[in-house]
Amino acid sequence: MNTGFDVYRLTDEHDLLRKTVRDLALDVIAPRAAEIDLTGEYPQDVHDALKAADMLAIHVPEEYGGAGADKIAHCILVEEVARVCASSSLIPMGNKLGTTGLILSGSDELKARYLPAVARGEATFSYALSEREAGSDAASMKTRAVRDGDGFVLNGTKAWITGAGVSTHYTLMAVTDPTRGANGISAFVVHADDAGFSVGQKERKLGIHGSPTREIYVEDCRIPADRMIGEEGTGFKTALKTLDHTRLGIGAQAVGIAQGALDHALAYVKERRQFDQRIADFQGVQFMLADMGMRIEAARQLVYVAAAAAERGEPNLTFRSSAAKCFASDTAMAVTTDAVQLLGGAGYTMDFPLERMMRDAKITQIYEGTNQIQRMVMARALLK
Ligand SMILES: Cc1cc2nc3c(=O)[nH]c(=O)nc-3n(C[C@H](O)[C@H](O)[C@H](O)COP(=O)(O)OP(=O)(O)OC[C@H]3O[C@@H](n4cnc5c(N)ncnc54)[C@H](O)[C@@H]3O)c2cc1C
């Protein structure tokens, strides 16, 4: 495996994007974050604000009417939104997750059919791979797609689908040939208004309360055959290739959550006094802060270097994106936990956002493949 020295340089456009997103996040999203967490309602106002700022789908290529933003730019967008509200960062993240299979493996005709509406913010996509009995072992899925004349008839249930009930479209993986294992899975575009498509109740979760997670059901759902993404039997490969790209976004989300927690912890320790001095002046506190800052910076660099390598089309993306997601999410969990600790009793209350950030951080170690699975993926790449 090539572990050579890779560099990246943030451009003026990246800096401008960061400033624009940070302003939007601080003005519009941050004041809503606690309420979004409390009510668990989908933040349509944040969705609308991101849409108005053309930030729902900046990754869509220019030839399909999008901004064609590079992979580091998308990470910056996600990081800055997650810094104030992890739930809201899932709006552009989920859309990228849902459309990346189409971008990577879809025919020109299929891309031209859907991506312009995604770029305009009129269509949004979710990604439907997991099932209750097929999470880490996603290839053991049971949802079937059976050929029927010029279409396919879908039957089955997908679980834990981010954005379900809000998205207008779904990239759904289903078994077309049960005798061929992972090579018998195909990917399809399903519309929310297709007959036979429905969604379940919202899951009640530890965190990311403003991001709806639901089961989706396809019951004798008939779709035209030309909605297949790529060739028949390539759906699982498309699903995994998608994750190679979008795990960078989880890494960026984790960096953002961790940075947000450090921001609040720093402000607090400079104000809070005990034993007649600022708690920031205790060396024990300073060492914790230093470790938090160090870990966040290391995670950020790993994410950006991986994103730059992905942009250059380097072959070892699988290792890099798993490493970035795994390291950044473990960092987010550790940093948010320490941030709660630094606020003492106050950190444990909902008067401060740290307990929310700690709850939100946890999901980054679980979705798009648990961190155990990331370690398996990395080890496999190393041993190849
Ligand atoms: C909020 C949320 C949003 C999600 N969004 C989506 C989405 O949009 N689309 C989608 O398709 N899915 C989504 N998921 C599903 C998510 O990707 C899965 O939950 C995840 O991959 C783990 O699968 P599982 O829950 O079945 O856990 P399991 O696979 O049952 O794992 C349970 C435990 O066993 C460990 N384990 C499993 N296999 C191994 C192994 N071989 N070696 C070592 N340890 C192992 C795991 O690491 C974990 O600790 C979402 C989940 C959540 C909670």
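Residues numbered from 1 in each chain as written. Predicted model: local features only at pLDDT ≥ 70, side-chain atom pairs only at ≥ 80, totals over all residues. Heavy atoms only, no water.

Q: Would you mind showing me how to read the overall build of the protein here?
A: Of the regular secondary structure elements, the protein holds 12 helices and 10 strands. For a compact globule of 384 residues, the expected C-alpha radius of gyration is about 21 Å, and the protein comes in at 21 Å, within 12% of that figure. The C-alpha extent of the protein, read off along each of the three principal axes, is 80 × 45 × 40 Å. Across the 384 residues of the protein, 55% fall into the buried class. (Helix = DSSP H or I, 4+ residues; strand = E, 2+ residues; numbered from the N terminus. Rg over C-alpha atoms; globule rule 2.2 N^0.38 Å. Buried < 20%, exposed > 50% of the residue type's maximum accessible area, 1.4 Å probe, protein only.)

Q: Can you walk me through the pairing of strand 1 (residues 125-128) in this structure?
A: Regular strands place side chains that alternate from one sheet face to the opposite one. Of the two faces of strand 1, the one lined by Phe125 and Tyr127 and the one lined by Ser126 and Ala128 are each fully buried. Judged from the four bridges that link them, strand 1 and strand 4 (residues 169-175) form a sheet pairing that is parallel. Along strand 4, the bridge assignment pairs Phe125 with His169. (Pairing = 2+ DSSP bridges.)

Q: Please explain the nonpolar core as it appears in this structure.
A: General note: in soluble globular proteins, nonpolar side chains tend to be found buried as a group. In terms of nonpolar packing, the biggest core is built from 68 residues, with Met292 and Val303 touching the most fellow members. Considering each element in turn, this core owes the most residues, 12 residues, to helix 7 (residues 235-271). If sequence neighbours within four positions are ignored, Val303 has contacts with Cys75, Leu248, Gly251, Ala252, Val255, Ala324 and Ala328. Grouped together as the second largest cluster of nonpolar side chains are 27 residues, Ala123, Ala138, Met173 and Ala239 included. (Core = buried A, V, L, I, M, F, W, Y, C linked by side-chain atoms within 4.5 Å. Contact = heavy atoms within 4.5 Å.)

Q: Is there a simple way to explain the pattern of salt bridges in this structure?
A: Side chains that differ in charge, positive against negative, can pair when their charged atoms come close. Taken as a whole and assessed by the stated rule, the structure comprises 24 salt bridges. Among the ionic pairs, Lys19 bridges to Asp23, the shortest N-O distance being 2.7 Å. With Lys19 and Asp23 both in helix 1 (residues 12-29), this residue pair falls four residues apart, about one helical turn. Judged by its relative accessible area of 34%, Asp23 falls in the partly exposed class. Across the pair Arg359 and Asp37 runs a salt bridge whose closest N-O atoms are separated by 2.8 Å. Residue Arg359 is located in helix 11 (residues 354-363), and its partner Asp37 is located in helix 2 (residues 33-39); the two are separated by 322 residues in the primary sequence. Each of the salt bridges in this network shares a partner with another, and the network as a whole consists of Arg18, Arg22, Glu79, Glu80, Arg83, Asp263, Glu297 and Arg300. (Salt bridge = Lys/Arg side-chain N within 4 Å of Asp/Glu carboxyl O.)

Q: Whenever I open this one, the site of the ligand confuses me. Can you help?
A: Around the ligand lies a shell of 20 residues, among which Ser130, Ser136, Trp160, Thr162 and Thr370 are the nearest. Interatomic distance of 2.6 Å between a side-chain N/O atom of Thr370 and an oxygen atom of the ligand. At 2.9 Å, a side-chain N or O of Gln372 approaches an oxygen atom of the ligand. Isolated, the ligand exposes 970 Å² of accessible area, and the fraction of that covered by the protein chains is 67%. Those elements that provide at least two residues to the shell around the ligand are strand 3 (151-162) and helix 12 (371-383). Its residues assigned to classes, the shell around the ligand shows 10 nonpolar, eight polar and two charged. (Near = heavy atom within 4 Å. Polar contact = N/O pair within 3.5 Å; in protein donor to acceptor, adjacent residues only side chain to side chain. Areas by Shrake-Rupley, 256 points an atom, 1.4 Å probe, with all protein chains shown as cover. Nonpolar A, V, L, I, M, F, W, Y, C, P; charged D, E, K, R; others polar.)

Q: Looking at this structure, I do not really get the environment of Gly149. What am I missing?
A: Mapped onto the elements, Gly149 comes out in the loop between strand 2 (144-148) and strand 3. Taking relative accessible area as the criterion, Gly149 reaches 57% and is therefore assigned exposed. Between the C-alpha atoms of Gly149 and Pro224, which are 75 residues apart in sequence, the distance is 9.1 Å.

Q: Which parts of the structure should I look at to understand the state of the cysteines?
A: Any covalent bond linking the sulfur atoms of two cysteines counts as a disulfide. Here the structure, examined in full by the defined rule, presents zero disulfides. There is no disulfide at Cys326, and the cysteine sulfur nearest it, in Cys75, is 16 Å away. With relative accessibility at 3%, the residue Cys326 sits in the buried group. (Disulfide = S-S within 2.5 Å.)

Q: Looking at this structure, I do not really get the packing of helix 1 against helix 4 (residues 71-82). What am I missing?
A: Between two packed helices, the angle of one axis relative to the other and the distance separating the axes together describe the packing. Where helix 1 contacts helix 4, the axes come no closer than 9 Å and their chain directions differ by 25 degrees. For the element pair helix 1 / helix 4, the angle class is roughly parallel. Crossing angle aside, the handedness with which helix 1 passes helix 4 is right-handed. When helix 1 is examined against helix 4, the residues His14, Leu17, Arg18, Val21, Arg22, Ala25 and Ile29 are found in contact with a partner set consisting of Ile72, Ala73, Ile76, Leu77, Glu79, Glu80 and Val81. Residue classes in the contact of helix 1 with helix 4 are distributed as nine nonpolar, one polar and four charged. (Axes fitted to C-alpha atoms, helices over the stretch in contact; angles between N-to-C directions. Parallel < 35°, antiparallel > 145°, perpendicular 65-115°, else oblique. Left-handed = near helix turned anticlockwise from the far one by under 90°.)

Q: Looking at this structure, how should I read the packing of aromatic side chains?
A: The geometry of an aromatic ring pair comes down to the distance between the two centres and the angle between the two planes. In the structure shown here, the tally under the stated rule is six aromatic pairs. Taken together, a centroid distance of 5.6 Å and an interplanar angle of 80 degrees make the contact between Tyr8 and Tyr304 edge-to-face. Of this pair, Tyr8 sits in the segment before helix 1 while Tyr304 sits in helix 8 (residues 283-311), and the two are 296 residues apart along the sequence. Under the relative-accessibility criterion, Tyr8 is labelled partly exposed at 23%. Among the residues examined, Tyr304 registers a relative accessible area of 2% and is labelled buried. Measuring from ring centre to ring centre gives 6.2 Å for Phe275 and Phe282, while their planes differ by 85 degrees; the resulting arrangement is edge-to-face. Taking the relative accessible area as the measure of exposure, Phe275 reaches 73% and is therefore exposed. (Phe/Tyr/Trp six-rings, centres within 6.5 Å; stacked < 30°, edge-to-face > 60°.)

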